There are 2 protein chains.
Amino acid sequence: MEEWIRKVRLREGFWKQQSDKNREITMRAVWDRFADTGRIGAFRCDWKEGMRHKPDVYWDSDVAKWMEAAAYLLGKEEIPWIRERLEWLIDRIEENQEPCGYFNTHFMTVEPGRRFTDQDAHELYCAGHLMEAAAAYRECCGETRFLNAMCRYADYIYEIFYVQKSAAFSVPGHEEIELALIRLYRVTGERRYLELGLYFLNTRGTVPPFDRQRQNHLPVRSQKTAQGHCVRALYLYTAMADAAWETEDEALHEACRGLFLDITWHKMYLTGGVGSTYTGECFTENYDLPNETAYAETCASIAMILFCERMLRLEHSSVYADVIERELYNGMLSGISLNGKAFFYENPLEITLAKRLEYDEGMVKLLGKVRLPITQRQEVFTCSCCPPNLNRTLASLERLLYSVEGRTVCIHQFADSELSCDGMTVRVKTDYPVSGRVEVSATGTECILIRIPGWCRHFSIDREWTMENGYACVKAEAFTVEFDMTPEYRMANENVWEDAGKAAVMRGPVVYCAEGLDQEESLHKLWLDTGAAPEEEDSEYFGLPILKTKGWVRRTGSGLYEKWERRMEETEITLIPYYGFANRGETDMRVWMNAL
Amino acid sequence: MEEWIRKVRLREGFWKQQSDKNREITMRAVWDRFADTGRIGAFRCDWKEGMRHKPDVYWDSDVAKWMEAAAYLLGKEEIPWIRERLEWLIDRIEENQEPCGYFNTHFMTVEPGRRFTDQDAHELYCAGHLMEAAAAYRECCGETRFLNAMCRYADYIYEIFYVQKSAAFSVPGHEEIELALIRLYRVTGERRYLELGLYFLNTRGTVPPFDRQRQNHLPVRSQKTAQGHCVRALYLYTAMADAAWETEDEALHEACRGLFLDITWHKMYLTGGVGSTYTGECFTENYDLPNETAYAETCASIAMILFCERMLRLEHSSVYADVIERELYNGMLSGISLNGKAFFYENPLEITLAKRLEYDEGMVKLLGKVRLPITQRQEVFTCSCCPPNLNRTLASLERLLYSVEGRTVCIHQFADSELSCDGMTVRVKTDYPVSGRVEVSATGTECILIRIPGWCRHFSIDREWTMENGYACVKAEAFTVEFDMTPEYRMANENVWEDAGKAAVMRGPVVYCAEGLDQEESLHKLWLDTGAAPEEEDSEYFGLPILKTKGWVRRTGSGLYEKWERRMEETEITLIPYYGFANRGETDMRVWMNAL
């Protein structure tokens, strides 16, 4: 898919700004923190007992995702400081890679005798991310040195896991290698990598220890519901969809479709976030979507994008592009601060500071305190997977915008951009989602399919059109689509106990939230008036309008309990785009609010 | 106060039934479980390493509360099996008590060298409960053998803590000894016990370690807000009120009044439960009253009764008797099953079974899972303080009904009963709270003060009356009061985030709740119609009417999110008395429900 990075160009608007910020600020911020914390230095593979910055098991994957992002950016333009650092890392890999092909900064220094002994040591996960980065560098820049090194590593893994079967486990504890191998196969044409990827997929659920957390409870084709650690699960489903594409495996495709439906019908937050609990960072039961203790890891939103991208290729249905859009504007984008330098690992849908009580020291030691997500973004984490995952996603947004089949071009996401390939050009002019106006002009195409988002109730197209799988098919060379961006109130399914009686506001694809610092009263006292139309107010700070809407403050007397009555005072409620929460200091936040 | 046990007699009705059940069933159930678990045998003081049933530090207090209950019951009538067991225990105490007076089944066997070295070892707490039991046996039955033994123990504690100051701590970790010593002083007239009780009170907050959890953060007269472990705190406040009464210490009295107001205005559940968290079993911040994770220990409700009983004596204000009533019918009574044999330690206001997800074994090991109270009552606990605390409370309900001052009799709680003392008789005939009709006839009195409950909006008295501190003063020899028992909807203060927009139903003093097994739909989908009048339906099972009221089920489509609308289907909602929840199997429960 990476060819698209050169065929598609972002020109202006919302995602161009995000893309620029990633290149100019976030890439350096992540690099600097990785350098500070020893992750970069770890590639020297010279750590010894007693030295600081002991390489952790997942460090290689953190750096590899930054490398993948670097490859995408270098594919678009030369950026010397990035090129230099990427090449430095590849030098270190070449220098330290073992003759057999093995490379892992943790196991080559900290636990040299324990290679491939621990299913949960993220070893194949790290390998997979390095392979993806190497594949990206080859695809985007034609560079083969890194790719060759990673092919040697893949060959070694093939030998150990597939030929000799001499590793202590056969099912990777944290998926990633599967999709990386299929990508490596695509780049190199080497079928062994596909074979090994399929082997890892097909072995899953057939050898103990059987468990849901690592998606090893059932063979993949029998997995009907999303289970266990969300990021692991979604990387698996992504690989399954990739494998279904490569092998035309209908059973695998069918399983993917079932998993997608299970997630989007039962287990996904309004923001696209998935993972309802810190405990195991996992999918839980249907409709268990607590707002305050939501895990909704940034990486899980990114993984949803990866999975949906593959499903979209398999099925050409707008539901997948709809979810990608939901993730992009909400669950993913909330993972990064507006200044591009700090990150959320978890993306809750509610913060109530009053519940974060300070106990005496002796009391916090006791068990039983509810764990709550942090309230302010951090520059780096102990396991800092999300920041470089944002790097690579924001560096390759172009891949999500279009797809081409013959002379038909599909527009999946709306960004001011152009596509040119095979003698066709498509130019999209839009300030979406500031407004819902999207102007399209094309040359050389037979037909343009443009997605009509699932959230959109009213739209117009100034040319003839027909509908096809959620896309409007327009044959004209130039046309304009207007999506009605009027803010709307949403409710959750009646089975979601956490959101009973509550409403959320969306404007186009963007979920809004209230922050405590904008209101005079605590958020739990506010009621949205769902009969009122929110008014928009431009906001340079957030990049999208903020909303002011009518609501009420609920009042009682000063006693603790009294006779029930509904005593409401009118008030104005300010709502901001959810992705922008927690940028103005620590304060309360709610997506789902009381509503009448 | 214990003289009242013989002056007041329960005749019929709600509390007579509870009292009988306690005597006939619960006393034996608690004894049997205490025998099974080794608590009774521990009084032989012959435990040695390798034997089972190693005496735990709080076991003496568990048994002592049963002994106190036994004393009350024997004061009312001879019950051979109880007398025999009580005497057997006293024999063991006399037999094993050390010459110096010390007695503790744990420290005399398990940790013989560690006497009075650990502030948190419940040693003085156990001593206090034994002293209370001994005082009760003397007061109710005139028996002095147990009292004499416990006076020797108190003398020893006086010597160690007050004269020699040779113990490793000077502030008891779990309060109880303070109020027990004042009680011992009242029974014996021995001022040293009062002196020692005051010493313990006055030392608090003056010597490190200073901490809120044990109420050692400030000197008692400076404690303005309820802090730390609820039961400990309330036993302390009870002792403070006792001391204020004995010494006419205004500053102490003032502190008690402030603490009472802090609790009842900010920190008490509708049921009277206190303690918002399992973590430290403690008071938290104002308005932090989560329903599902409520601690609301049965013992804390009983301790609230003890504290309010003392405050009522100090101030003659109905607010204290109101809280006693709230505790009796709700937070205390929910602690015991309808069959009298099983107990709740924690009394939550909500159970949602769907949230109690079963994870794979590997996942529950991870930190971060929210701890939730158990959903079914148990026969005994590892720390089984609540069951015998119910025993002693239910065995001495008579003390809460009346008080006498000169020729004026106050009726604090309404139960079919009679009082006779000092040539006066008062006969109360009532089936309260089945109905609100209370018939009073008196001889020899000048005036009857009858409490008009705070929950009561309409009442009538068929004679002339005036109001005085929340009591109607009636000079007639016979009169009838009718309290309007129409069920009413209640709301919580606007600052209680957990109950925002929710209503609860009370009928008279009794809080109601919905249980899942009575409804066709999950409780979170139900809305109470606060405009509808609940209909009453007699229920022998619960002892009070159940309520059927109009409400709605909220409906959505089958998708996860959709455009907001209020789609309500009419339904009937069944409500049962809160104290009766969890008697018909494991099911969901809610006190606070969505409401319109």
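Within each chain, residue numbers correspond to sequence positions counted from 1 in written order. Written order decides the labels, with chains lettered from A and ligands numbered from 1. In view of the model being predicted, local features appear only for residues whose pLDDT reaches at least 70, and side-chain atom pairs are presented and counted only at 80 or more, with totals across whole chains, interfaces and linings using the full set of residues.

Caption draft 1: Summary view of the overall build of chain A. By definition, any uninterrupted DSSP run of H or I lasting at least four residues is a helix, any uninterrupted run of E lasting at least two residues is a strand, and each is numbered from the N terminus. In terms of regular secondary structure, chain A is built from 14 helices and 24 strands. Against the 2.2 N^0.38 benchmark of 25 Å for 596 residues, chain A shows a C-alpha radius of gyration of 24 Å, consistent with a compact globule. Our exposure labels follow a C-beta count within 10 Å of each residue's own C-beta, placed from the backbone: buried means 20 or more other C-beta atoms, exposed means 12 or fewer, and partly exposed covers the counts in between. Among the 596 residues that make up chain A, the fraction classed as buried is 55%. Residue pairs qualify as contacts under a 7 Å threshold applied to their C-beta atoms, which are placed from the backbone. The long-range fraction of contacts in chain A, counting pairs at least 24 apart against all pairs at least 6 apart in sequence, stands at 67%. Atoms considered for the radius of gyration are the C-alpha atoms alone. The globule rule reads 2.2 Å times the number of residues to the power 0.38.

Caption draft 2: Structural detail: the sheet that holds strand β1 (residues 8-12) of chain B. Residues and elements named next belong to chain B. Pairing within the open sheet is antiparallel, and its six strands lie in the order β1-β7-β8-β9-β14-β11. A strand with exactly one partner marks an edge of an open sheet, and here the two such strands are β1 and β11 (459-461). Within this sheet the neighbouring strands show an average axis-to-axis angle of 15°, counted without direction. Across six bridges, the pairing between strand β8 (residues 424-430) and strand β9 (residues 437-443) is antiparallel. Paired with Thr 425 across the strands is Thr 443, a residue of β9. Across the sheet, helix α2 (residues 13-36) touches β1, β7 (416-421) and β8, and the angle it forms with β1 is around 105°. In short, DSSP must find at least two bridges between two strands for them to pair. Orientation is described by lines fitted to C-alpha atoms, with helices fitted over the stretch in contact, and by angles between N-to-C directions that extend from 0 to 180 degrees.

Caption draft 3: Main features of the domain arrangement of chain A. Residues and elements named next belong to chain A. Segment limits for the domains were obtained from an automatic or database-derived domain assignment. Domain annotation of chain A identifies domain 1 (1-203), domain 2 (208-335), domain 3 (403-483) and domain 4 (490-595). A straight line from the C-alpha centre of domain 3 to that of domain 4 covers 34 Å. At the interface, six residues of domain 3 touch five residues of domain 4. Classification convention: Asp, Glu, Lys, Arg as charged; Ala, Val, Leu, Ile, Met, Phe, Trp, Tyr, Cys, Pro as nonpolar; all other residues, Gly among them, as polar. The class makeup of the residues in the side of domain 3 that touches domain 4 is five nonpolar, one polar and no charged.

Caption draft 4: Up close: the interface of chain B and chain A. Across the contact, 55 residues belong to chain B and 55 residues belong to chain A. For the side of chain B that touches chain A, the secondary structure elements donating two or more residues are α10 (250-267), α13 (361-364), β15 (488-492), β20 (546-555), β21 (561-563) and β24 (593-595) of chain B. The greatest single-element share of the side of chain B that touches chain A, amounting to five residues, is contributed by β15(B). Of the residues contributing to the side of chain B that touches chain A, the split by class is 22 nonpolar, 17 polar and 16 charged. As paired elements, strand β21 (residues 561-563) of chain A and β15(B) share three bridges and run antiparallel to each other. Within β15(B), the residue paired with Tyr561(A) across the bridge is Ala492(B).

Caption draft 5: Focus on the sheet that holds strand β9 (residues 437-443) of chain A. Residues and elements named next belong to chain A. Pairing within the open sheet is antiparallel, and its six strands lie in the order β1-β7-β8-β9-β14-β11. In this open sheet, the two strands that pair with only one neighbour each are β1 (8-12) and β11 (459-461). Here the average twist between neighbouring strands, direction ignored, is 15°. As paired strands, β11 and strand β14 (residues 478-483) are joined by three bridges and run antiparallel to one another. Bridge pairing in β14 links Phe 459 to Phe 483.

Caption draft 6: Geometry of the relation of the copies chain B and chain A. Turning chain B through 180° and shifting it by 0.1 Å along the axis lays it on chain A, with an RMSD of 0.0 Å. The transformation just described matches what one would write down for a two-fold rotation axis. In this comparison the copies share one frame, found by least squares on the C-alpha atoms of residues holding pLDDT of at least 70 in both.

Caption draft 7: Region of interest: the pairing of β9(B). Residues and elements named next belong to chain B. Taking every second residue as pointing to the same face, the buried face of β9 carries Val 438, Val 440 and Ala 442, while none of Arg 437, Glu 439, Ser 441 and Thr 443 on the other face is buried. The hairpin formed by β8 and β9 contains six residues between the paired strands. Relative to strand β14 (residues 478-483), β9 runs antiparallel, the two sharing five bridges. Looking across to β14, one finds that Arg 437 is bridged to Glu 482.

Caption draft 8: Structural context of the confidence of the model for chain A. Residues and elements named next belong to chain A. Scored by pLDDT, chain A comes out at a mean of 95, with 97% of its residues at no less than 70. Confidence over residues 359-368 falls short of pLDDT 50; this stretch has 19 contacts with residues more than four positions distant or in other chains. Our summary of model confidence lists the complex with pTM equal to 0.93 and ipTM equal to 0.94. On a range of 0 to 100, pLDDT expresses the predictor's confidence in each residue.

Caption draft 9: Structural context of the environment of Glu297(A). Residues and elements named next belong to chain A. Its place among the elements puts Glu 297 in the loop between β3 (282-283) and α11 (298-315). The buried category is assigned to Glu 297, around which 27 C-beta atoms lie within 10 Å. Sequence spacing of Glu 297 and Arg 392 is 95 residues, and the spatial spacing of their C-alpha atoms is 16 Å. Discounting residues that sit within four places of it in the chain, Glu 297 has contacts with Cys 230, Val 231, Gly 275, Glu 281, Tyr 345, Glu 346 and Cys 386.

Caption draft 10: Structural view of unusual backbone geometry. Residues and elements named next belong to chain B. That bond from Pro 208 to Pro 209 is cis: its omega, 0°, falls within 30 degrees of zero. Position of Pro 209 relative to the elements: it lies in the loop between α8 (191-203) and β2 (228-229). Between Tyr 432 and the following residue, Pro 433, the backbone shows a cis peptide bond with an omega angle of 5°. Structurally, Pro 433 is set in the loop between β8 and β9.

Caption draft 11: A look at the packing of α2(B) against helix α3 (residues 59-76) of chain B. Residue and element names in this part refer to chain B. Running from N to C, α2 and α3 point in directions that differ by 150°, and their axes come no closer than 11 Å. Regarding the angle of α2 to α3, the classification is roughly antiparallel. The handedness of the crossing between α2 and α3 is left-handed. On α3, the residues that touch Arg 23, Met 27, Val 30, Trp 31 and Phe 34 of α2 are Asp 62, Val 63, Trp 66, Ala 69 and Leu 73. Residues belonging to the contact of α2 with α3 are distributed by class as follows: eight nonpolar, no polar and two charged. Each angle gets one of four labels, with under 35 degrees taken as roughly parallel, over 145 as roughly antiparallel, 65 to 115 as roughly perpendicular, and the rest as oblique. What makes a crossing left-handed is the near helix being turned counterclockwise from the far one by less than a right angle; a clockwise turn instead makes it right-handed.

Caption draft 12: Highlighting the packing of α3(B) against helix α4 (residues 80-96) of chain B. Residue and element names in this part refer to chain B. Orientation of α3 relative to α4, taken along the N-to-C sense of each, is 135°, at an axis distance of 10 Å. The angle between α3 and α4 places the two elements in the oblique class. When the axes of α3 and α4 are compared, the crossing they make is left-handed. Residues Val 63, Met 67, Ala 70, Leu 73 and Leu 74 of α3 lie in contact with α4, whose contacting residues are Ile 82, Arg 83, Leu 86 and Leu 89. Class assignment for the residues of the contact of α3 with α4 results in eight nonpolar, no polar and one charged.

Caption draft 13: Here's a closer look at the pairing of strand β22 (residues 567-577) of chain B. The pairing of strand β17 (residues 510-515) of chain B with β22(B) spans two bridges and is antiparallel. Paired with Tyr512(B) across the two strands is Pro577(B), which belongs to β22(B).

Caption draft 14: Representation of the environment of Thr144(B) within the structure. Residue and element names in this part refer to chain B. The residue Thr 144 is located in the loop between α5 (123-141) and α6 (145-163) in this model. Given 14 C-beta atoms within 10 Å, Thr 144 falls into the partly exposed group. For the pair Thr 144 and Asp 499, spaced 355 residues apart in the sequence, the C-alpha separation amounts to 52 Å.

Caption draft 15: Quick peek at the environment of Glu111(B). The residue Glu111(B) is located in the loop between α4 and α5 in this model. Sequence-wise, Glu111(B) and Met506(B) are 395 residues apart; in three dimensions their C-alpha atoms are separated by 50 Å.

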